[in-house]
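Here is how the chains run, residue by residue.
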Amino acid sequence: MASGVKVTDEVIAIFNDMKVRKAQANEEEKRKRKKAVLFCLSKDLKNIVLDEGKEILLGDIGNTVKDPYQEFVKMLPPDDCRYALYDATYETKETKKEDLVFMFWAPDSAPLKSKMIYASSKDAIKRKFEGIKHEWQVNGLEDLKDRHTLAEKLGGSSVVTLEGSPI
């Protein structure tokens, strides 16, 4: 069921910036790249917008952010829904990889109305996020508390590290 909610141009631009890795990017550009970002519905429930202040930049890692995955999990609101993009860096037994993961966060404690609006608007944002290989619906922190669940989504038992830490 479609909700009629629109995805703002800012959200599409953020996705495109995260999707395209610039090989010639200088250090300043790399530090400003988004590692993770949350999106929410606007107050009038008509648009999907950036959840202000809910992002991790590559430049934050090692400075204000020690573990990007744990910091990302902490950004998720305990009692409301969100959409998220997470740029996962991981190693399999064969190679190093980076993949964008689209997440629909719908905790059990979120209001029913919120869950319904977010669920019915998910297709609108997914259609704009072309080329996403990994989609993940999460209904509680227990699904996120360790890296194994994300590693499983990314490549199962072939994943040996996530964000530089062993699985």
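Because the structure is a prediction, the values reported are computed rather than measured. (Residues numbered from 1 in each chain as written. Predicted model: local features only at pLDDT ≥ 70, side-chain atom pairs only at ≥ 80, totals over all residues. Heavy atoms only, no water.)

Peer 1: Just checking my understanding: could you explain unusual backbone geometry for this structure?
Peer 2: The phi torsion of most residues other than glycine is negative, and most of the peptide bonds are trans. A positive phi is found at L45, a non-glycine position, where the angle reads about 65°. Using a relative accessible area of 35% as the deciding quantity, one classes L45 as partly exposed. One non-glycine residue, E163, lies in positive phi territory at about 55°. The topology assignment puts E163 in the loop between β7 (159-162) and β8 (165-166). (Buried < 20%, exposed > 50% of the residue type's maximum accessible area, 1.4 Å probe, protein only. Helix = DSSP H or I, 4+ residues; strand = E, 2+ residues; numbered from the N terminus.)

Peer 1: What's the story with the pairing of strand β4 (residues 82-92) in this structure? I'm lost.
Peer 2: For a regular strand, the rule is simple: side chains alternate between the two faces of the sheet. Counting buried positions along β4 yields nine of eleven residues, so the element is predominantly enclosed. Strand direction decides the pairing type here: strand β2 (residues 34-41) and β4, joined by four bridges, are antiparallel. In the strand pairing of β4, L38 is matched with A84. In this sheet, strand β5 (residues 96-105) lies alongside β4 in antiparallel orientation, the contact comprising ten bridges. Within β5, the position partnered with E91 by the bridge is K96. Two successive antiparallel strands, β4 and β5, enclose a turn made up of three residues. Of the pairings in the sheet, the one linking β4 to β7 comprises three bridges and is antiparallel in character. (Pairing = 2+ DSSP bridges.)

Peer 1: Whenever I open this one, the state of the cysteines confuses me. Can you help?
Peer 2: Put plainly, a disulfide is one covalent bond tying together the sulfur atoms of two cysteines. By the definition in use, this model includes zero disulfides. The closest cysteine sulfur to the non-disulfide-bonded C40 is located on C81, 11 Å from its own sulfur. What makes C81 buried here is its relative accessible area of 0%. (Disulfide = S-S within 2.5 Å.)

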